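Take a look at the letters that make up each chain.
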Amino acid sequence: MKSRTTKFLFVTGGVVSSLGKGLSAASIGALLENRGLKVSMLKLDPYLNVDPGTMSPTQHGEVYVLDDGTETDLDLGHYERFTSATLTANSNHTTGRIYQRVLEKERRGDYLGATVQVIPHITNEIKRVVLDAAGDADTCIVEIGGTVGDIESLPFLEAIRQIPYDIGKENCLYMHLTLVPYIKTAGEVKTKPTQHSVNELRRIGISPDIILARCENPLPQPVKDKISLFCNVGTDCVFSAVDVPTIYQLPITLNEQGLDDKIAELLNIWSRSTKLDQWQQIVDCALMPKHEVTIAIVGKYVELVDSYKSLHEALVHGGLPHSCKVNLRYIDSEDIEKTPGFLQEMEHCDGILVPGGFGDRGVEGKIKAVEHARTQGIPFFGICLGLQVAVIEYARNVAGLKNANSEEFAPKAKNLVVAIMEDQKKVTTKGGTMRLGAYPCTLAAGTKARQLYNQENISERHRHRFEVNNPFREKLVESGLTIAGTSPDGNLVEMIELEGHPYFIGCQFHPEFQSKPFAPHPLFSGFVEAALKRHNEGAKG
């Protein structure tokens, strides 16, 4: 039984978006956990979508999936990679979800005829969400998405303004992340954007306790003094969030400035001091690698690399056990379709990865990339759609199934080696209706997958509607394709591989969602190891 009240840290952002609120919140979570505290994390997003599941990755970045099947903001990926917090549907709420709940209550008559308004009904629902998210944690870190001054985030800010009056001011802390730009032509940093941003917060009743300034270099003391004076915070409460060569250095950088000590002091938290040896080891491995490989990521959302954020980090993790830096080359699969000979440019890559995606745009380019990897002996890793296009390529070019395709792309094709799942056929709505979340998988004995996992039964997170079509399984296996993993009942194909290939693995699930810097996912570690072997053999040749 918890003996003390949960402390709340509210993280807001100002001036511009994409300053790194999510990484900052995750880093603070890592530091507080390191002090022996139990941490919970919550992201509040101001957009009207109920969840990000139907949003384009090129607009919003990747959709991160939790064990319970919740489709969430990519910042929750940072939370899980940096902390051991158990995240659920209660860990991410949007304006759309908040309003949906309030309107459902209104329809049921829960408000007893009251006029339903933003204040108090919407703000009360937000407060309920925040307090529920705390659970039995010692500290709950709540990140408010968007930028202070945006009209859509006002209800969230009003709600967190009220919370200290409900649970006690001594249990709440406000941290504001803001931009302090360096003007090259003037040769100085400017604090005016920070002043305006804090003034905007104070106008609605929130006075930040800590200012975290995003900047290129650590702020000189005179600049900190100026921010302190104009933003009404102590000089010892102004911290620099400098650009770091690897995101895993951020907890160390913030700790060196004493940020976690200050948070503990202001919230009156008694805990042990931090010991960041493990984090330092990760940073050393990332910044001083002995080896280097290049992986081609063949996808359709390459114009925004945040579309593959977890994938990117999982590949970095995969290189750590081998002291290997993983360079990523993002390739638009449509370029492969349009440009003859484009595949030859991939000869200099040490591995080819085809990630998940939806729709037929660029699919034929992905199929060509799979064929190139298979025939040239280049390590290949296919994830979700990547497995499906690998099956299509193999069916066409090895199994003799002409014009093999997926029901998603060519529903009238004769040889639909990939088809919609039975329980998806009657689904008409898009949001939250796929096969989502963690499902068990049984790995076949003697396979590369079984060797990498070193266990028979695993659990991985899914996000898909289509599966390998069972009537074609026998033909594919007879032609040499190995079914390396299935659902426990054997009905669904979860993994495929090719015997005799340096590394040719496809999985229907998303292993990148369970990779952490301290526990690299075995499929990524194995993939990088195979790529490194190819790289070294090429160097010798």
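Before reading on, note that the structure itself is shown above.
Conventions and cut-offs
Residues numbered from 1 in each chain as written. Predicted model: local features only at pLDDT ≥ 70, side-chain atom pairs only at ≥ 80, totals over all residues. Heavy atoms only, no water. Pairing = 2+ DSSP bridges. Helix = DSSP H or I, 4+ residues; strand = E, 2+ residues; numbered from the N terminus. Axes fitted to C-alpha atoms, helices over the stretch in contact; angles between N-to-C directions. Contact = heavy atoms within 4.5 Å. Buried < 20%, exposed > 50% of the residue type's maximum accessible area, 1.4 Å probe, protein only. 1 Å grid on protein atoms, 1.4 Å probe; cavity = no way out; pocket = protein on both sides within 12 Å on 5 of 7 lines; lining within 4 Å. Points joined across faces, edges and corners; volume = space filled by probe spheres on them. Nonpolar A, V, L, I, M, F, W, Y, C, P; charged D, E, K, R; others polar.

Digging into the sheet that holds strand 21 (residues 481-486)
- Read across the open sheet, the nine strands follow the order 13-12-14-15-23-22-21-18-19; overall the sheet is mixed. Looking along the sheet, the strands with just one partner apiece sit at the ends: strand 13 (324-332) and strand 19 (457-464). Within the sheet, the average angular offset between the axes of one strand and its neighbour, ignoring direction, is 25 degrees.
- Two elements, strand 18 (residues 435-443) and strand 21, share two bridges in a ladder whose sense is antiparallel. Bridge assignment links threonine 442 to a residue of strand 21, and that residue is threonine 486.
- Against the sheet, helix 15 (residues 385-397) makes contact with strand 14 (351-354), strand 15 (380-383), strand 21, strand 22 (493-498) and strand 23 (504-507), and its axis sits at roughly 115 degrees relative to strand 15, the strand it touches most.

Concerning unusual backbone geometry
- With an omega dihedral of 20 degrees, the bond running from isoleucine 119 to proline 120 counts as a cis peptide bond.
- In this fold, proline 120 is placed in helix 5 (residues 118-134).
- With a phi angle near 50 degrees, serine 323 is a residue other than glycine that sits in the positive phi range.
- Given the relative accessible area of 16%, serine 323 is considered buried.
- Phi is positive for asparagine 403, which is not a glycine, with a value near 60 degrees.

Section: the layout of surface pockets
- Computed from the structure, the largest pocket encloses a volume of approximately 920 Å³.
- Taken together, 34 residues make up the lining of the largest pocket; nearest its centre are Ser18, Leu19, Gly20, Asp75 and Asp306.
- Secondary-structure elements contributing two or more residues to the lining of the largest pocket are helix 1 (21-34), strand 2 (39-45), helix 2 (57-60), helix 3 (75-82) and strand 11 (238-242).
- Residue composition of the lining of the largest pocket, by class: 11 nonpolar, 11 polar and 12 charged.

Considerations on the environment of tyrosine 99
- Assignment of secondary structure puts tyrosine 99 in helix 4 (residues 95-108).
- On the basis of relative accessibility, which here comes to 31%, the residue tyrosine 99 falls in the partly exposed class.
- Remark: the alpha-carbon pair of tyrosine 99 and lysine 262, spanning 163 residues in sequence, is separated by 36 Å.
- Ignoring anything within four residues of it in the chain, the contact list for tyrosine 99 reads Val118 and Ile122.

Quick word on the sheet that holds strand 11
- Across the sheet, which stays open at both edges, the seven strands sit in the order 5-2-6-1-7-10-11 with parallel pairing between neighbours. Unpaired on one side and paired on the other, strand 5 (92-94) and strand 11 mark the two borders of the sheet. Strand-to-strand twist across the sheet, computed as the mean angle between neighbouring axes with direction ignored, equals 20 degrees.
- Two elements, strand 1 (residues 7-13) and strand 6 (residues 139-144), share five bridges in a ladder whose sense is parallel. When the sheet's bridge partners are listed, phenylalanine 8 is paired in strand 6 with cysteine 140.
- Across the sheet, helix 1 is in contact with strand 1, strand 2, strand 6, strand 7 (172-179) and strand 10 (210-215); its angle to strand 6 comes to roughly 175 degrees.
- Together, strand 2, strand 5 and strand 6 form the strand contacts of helix 3, whose direction differs from that of strand 2 by roughly 170 degrees.

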